[in-house]
Amino acid sequence: MKQALSLIALIVAVPAFAEEQRQLDAHEHGVGTLNIAIDGATVAMEFHAPGADIVGFEYAAESEADKAAIDAAVAILSAPLDLFGLSGAAACTLTEAHAELENEDTHDEDGHDEDGHDDHAAGEHDDDEEDHGDEEHDEGAGHTEFHANYTLTCDNPAALTEITFPYFDTFPNALEVEVQIITATGAQAFEVERDAPILDLGR
Amino acid sequence: MILRLAFASLFARALTVGMTTLAIALSVALFLGVEKVRTGAKASFADTISGTDLIVGARSGSVQLLLYSVFRIGNATNNVTWESYLDIAARPDVDWIVPISLGDSHRQFRVMGTSQAFFEHYRYRQGRQLQVADGVIMDDLFDTVIGADVAATLGYNVDDPIIVAHGLASFSEHKDQPFRVSGILEKTGTPVDRTVIVSMEAIEAIHVDWQSGAQIPGRSTPADVIREMDLVPQAVTAALVGVESPLQTFALQRAINEYSQEPLLAILPGVALQELWGIVGIAETALLAVSAMVVVTALIGMMATIFSSLNERRREMAIYRAMGARPRTILSMLVLEATVIAALGALLGVVFLYIGLAITQPILDSSFGLWLPIEAPTMREVWVIIGVVAAGAIVSLVPAIRAYRMSVADGMMVNT
């Protein structure tokens, strides 16, 4: 364990010399991802969807109308039970919801902060990234994604067998949601398409 | 009456009927065999890993990582540095983590470096734990635990010395460091059966005198010296991870996928398997369609034989009619004959299937790690058999109706 600690210390020191990290996430218009994890009565969900699916644009909102559209979308995404209909018998209630719009650059920086490695990173480095980000905004080439996290409590989690997707009615640009669900029996993946907006969890 | 006539008639034409039955039997055996391999492969894959929340490896594809790290199939993924491994292990949401290091071999079997935690956390077939059939789990640097197939194939017993080779082909063996078999695992039906398990430190120990893949000439470090050395692993191939709570799985997966010091990939084993089935599914369907076509061909062959037999049996049919048999009797006799042929064929096909399974089971198991259980036919298979018999009856209606219409006129003609 001592070795482990010293090694961790070493690793934490390394990024100071490391080159700028460049990596991006997958981004496919029309396709959102919904991850669901069930542990006892608690259900954690996270939802990601491209800005194009939700508000129809991915450039930085400048006009009042665009800003209003984003605010409205965030408000809608904060009420997950209206977007993703969990089986009524499961009696799920929302305990926590958080939705926001992220573009990939800020997202990347978040990652750095989270790891706590960036404390001592050179100021130049940060500036670089910001500049880079601004360029992207100007060209309108950066992708944006809506990210939402929800926590729910279900009185009868065993009855959670089906999810309906009024989401597709709310957001006409959305075509598909890739669903991954983790239960006590393991992980499963499903694809839900606009044509058949009902997911049978088969459990 | 009709039944007796039908059987007698079949018996009289034993050779033709036998050949037709054989054709149907082979086609049914093929169809059921494909189905067996398909479901067997799925089950044996799905049973190989359970209880692991995430598999972490170098950034590649989820299917590649799963196949290589768990099933030892396909191309090797890049290694992950030990630093990154420790970094992940230190995260608060990680409940347990098991390193896996592949790349060495013993004869035709893979050598896997891992930690004691592997025996504690690795689960197969809905949560079963590895059990030692003989001996104990390794506790010395040069101890190995071997899978059931390794022990059976190479005839090893506990305390036998073994030599671990460098790389997969054993062209250059690590002769300096003889290992000892400390335990033999019970048969699991998973790739573990064909694996020689050593500690992570042992993997380092093997390579003490080796630099860039070849042994330094004239250098050989005695085992005792190696024991004294500080053997910190350099790299792992993959790691099996268990999370504290399922709720944290996705967050941990994202954190690993976005780990900025090294390109890593974390996969959900169940989802990766599903992805694999998605790819294999198309080939599977094609295979099933081809074998279904073979059954159809055999049934059409049967129809052709009945048609040609009608020619030979014109007289016979006419005599039946002359003796008072109604056209419907002729029809039902022909359909009955065909049904009997199809049923015999289907049953014989099942017999062939089980004989085939009994012969190929050990071969498939040892060369592909595919364990096909020999068990009573499933409902699905029973339906296939019923379907073949019913299809045989329906197909035979075509010649039977012809005979029904022609039996008198045809047979009484003088020019036959």
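Remember, predicted model here, so these are calculated numbers, not experimental data.

Enquirer: Describe the environment of A:A91, with residues and values.
Expert: Here A:A91 is to be found in the loop between β3 (85-86) and β4 (92-103). Setting aside residues up to four positions removed in sequence, A:A91 forms contacts with A:T153, A:C154 and A:D155.

Enquirer: Can you lay out the packing of helix α1 (residues 2-12) of chain B against helix α12 (residues 327-368) of chain B for me, pointing to particular residues and giving the numbers?
Expert: All names here are of chain B. Axis separation between α1 and α12 bottoms out at 9 Å; the angle between their running directions is 55°. As summarised for this structure, α1 and α12 are arranged oblique, according to the angle between their axes. Along this stretch, α1 crosses α12, giving a crossing that reads as right-handed. In this structure, α1 uses I2, L3, L5, A6, F7, S9 and L10 to contact α12, whose residues at the interface are T329, S332, M333, L336, E337, V340 and I341. Of the residues contributing to the contact of α1 with α12, the split by class is 10 nonpolar, three polar and one charged.

Enquirer: I'd like to hear about the side chain of B:S84, residue by residue, with values.
Expert: Residues and elements named next belong to chain B. With respect to the helices, strands and loops of the structure, S84 is situated in helix α4 (residues 82-89). Reaching out from S84, the side chain makes a polar contact with the side chain of T81 at a distance of 3.1 Å. Setting aside chain neighbours within four positions, we find S84 in contact with Y259, E262 and L264.

Enquirer: Summarise the confidence of the model for chain A; cite the residues concerned and give the values.
Expert: Residue and element names in this part refer to chain A. Here chain A averages 77 in pLDDT, and 71% of its residues register 70 or above. Throughout residues 14-18 the model reports pLDDT below 50, and contacts reaching past four residues in sequence, or to other chains, amount to three contacts. Low pLDDT (under 50) marks residues 106-140, which in the prediction has 33 contacts with non-local residues, meaning those over four places away or in another chain.

Criteria and thresholds
- Residues numbered from 1 in each chain as written.
- Chains lettered and ligands numbered in written order.
- Predicted model: local features only at pLDDT ≥ 70, side-chain atom pairs only at ≥ 80, totals over all residues.
- Heavy atoms only, no water.
- Helix = DSSP H or I, 4+ residues; strand = E, 2+ residues; numbered from the N terminus.
- Contact = heavy atoms within 4.5 Å.
- Axes fitted to C-alpha atoms, helices over the stretch in contact; angles between N-to-C directions.
- Parallel < 35°, antiparallel > 145°, perpendicular 65-115°, else oblique.
- Left-handed = near helix turned anticlockwise from the far one by under 90°.
- Nonpolar A, V, L, I, M, F, W, Y, C, P; charged D, E, K, R; others polar.
- Polar contact = N/O pair within 3.5 Å; in protein donor to acceptor, adjacent residues only side chain to side chain.
- pLDDT = per-residue confidence, 0-100.

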